[in-house]
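Examining the three-dimensional arrangement
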Amino acid sequence: MNINTITASRFMTLVAAGFFLALPCAKAATTVAAADQDFMLAAAQGGMTEVKLGELAAQNGERADVKEFGQMMVKDHSAINADLKTLAAQKEVILPDSLDAKHQRMVDKMAALNGSAFDKVYIASMIKDHKMDTKEFKAESAATKDTDIKSFVDKSLPVVESHLQHITAMKK
């Protein structure tokens, strides 16, 4: 071997090492269980729907308590949605930013109602939705192995349960 071959070999080794050192460190993707991801996606759709329906209740409701409950839905579910977005970003889960067709149909159906007809359908819908949400949040809390997701669920569940109690008391 001559000196030029050794120098060229060292040079190539240094270039290769420099190339790999210059690469940005790849962040390991957070692995989220499929069931947890499904829960997060469903919670996002449900949360956005609750906000939209709450806005409608504040506008289209006849009863003062329906309007107030709608405002509470907007406030509380906007906060839960923000927490969910933060969690999703941390877990590298992409959440939808608009309603799917099923949830948009629910909103459109409610938007066509006003006054006492709105109140009756809204209250019944909120009771049904919050019963289902309570059941799903409890199931996710028991099933998830992810401590961050469990923390989110356990923080949100009391809010959902209080909504169920509140709206059930409004049924007349």
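Below or above, wherever it landed, is the structure these notes cover. Treat the numbers as computed from the prediction; the structure is a model and nothing was measured.

1. A short note on the pattern of salt bridges
Scanning the model with the defined rule gives seven salt bridges in all. As a salt-bridge pair, Asp-83 and Lys-155 come within 2.9 Å of each other at their nearest N and O atoms. A residue pair is termed long-range when its members are at least 10 positions apart, and Asp-83 in helix 3 (residues 64-91) and Lys-155 in helix 6 (residues 147-170) qualify at 72 residues. Note on Asp-83: relative accessible area 29%, which makes it partly exposed. Each of Lys-91, Asp-146 and Asp-148 takes part in a single network of salt bridges with overlapping partners.

2. Thoughts on the packing of aromatic side chains
In total, this model carries four aromatic pairs according to the counting rule given. For the pair Phe-69 and Tyr-122, a centre-to-centre distance of 6.2 Å together with 70° between the ring planes defines the contact as edge-to-face. Note that Phe-69 is positioned in helix 3 and Tyr-122 in helix 5 (residues 115-143), a separation of 53 residues in sequence. Side by side, Phe-69 and Tyr-122 carry an identical accessibility label, which is buried. Where Phe-118 meets Tyr-122, the ring centres are 5.4 Å apart and the plane angle is 15°; that geometry is what we call stacked. With Phe-118 and Tyr-122 both in helix 5 and four residues apart, this pair spans about one turn of that helix. Of the two residues, Phe-118 and Tyr-122, both sit in the buried class. An aromatic cluster of three or more residues is present, and its members are Phe-39, Phe-137 and Phe-152.

3. Observations regarding the packing of helix 3 against helix 5
It is the contact of helix 3 with helix 5, at a shortest axis distance of 11 Å, that shows an interaxial angle of 40°. Between helix 3 and helix 5, the angle is such that the two are oblique. Pair helix 3 / helix 5 crosses with left-handed handedness. Packed against helix 3, whose contacting residues are Val-66, Phe-69, Gly-70, Met-73 and His-77, the element helix 5 presents Phe-118, Asp-119, Tyr-122, Ile-123, Met-126 and His-130 at the interface. Classifying every residue of the contact of helix 3 with helix 5 by side-chain character gives seven nonpolar, three polar and one charged.

What counts as what
- Residues numbered from 1 in each chain as written.
- Predicted model: local features only at pLDDT ≥ 70, side-chain atom pairs only at ≥ 80, totals over all residues.
- Heavy atoms only, no water.
- Salt bridge = Lys/Arg side-chain N within 4 Å of Asp/Glu carboxyl O.
- Helix = DSSP H or I, 4+ residues; strand = E, 2+ residues; numbered from the N terminus.
- Buried < 20%, exposed > 50% of the residue type's maximum accessible area, 1.4 Å probe, protein only.
- Phe/Tyr/Trp six-rings, centres within 6.5 Å; stacked < 30°, edge-to-face > 60°.
- Axes fitted to C-alpha atoms, helices over the stretch in contact; angles between N-to-C directions.
- Parallel < 35°, antiparallel > 145°, perpendicular 65-115°, else oblique.
- Left-handed = near helix turned anticlockwise from the far one by under 90°.
- Contact = heavy atoms within 4.5 Å.
- Nonpolar A, V, L, I, M, F, W, Y, C, P; charged D, E, K, R; others polar.

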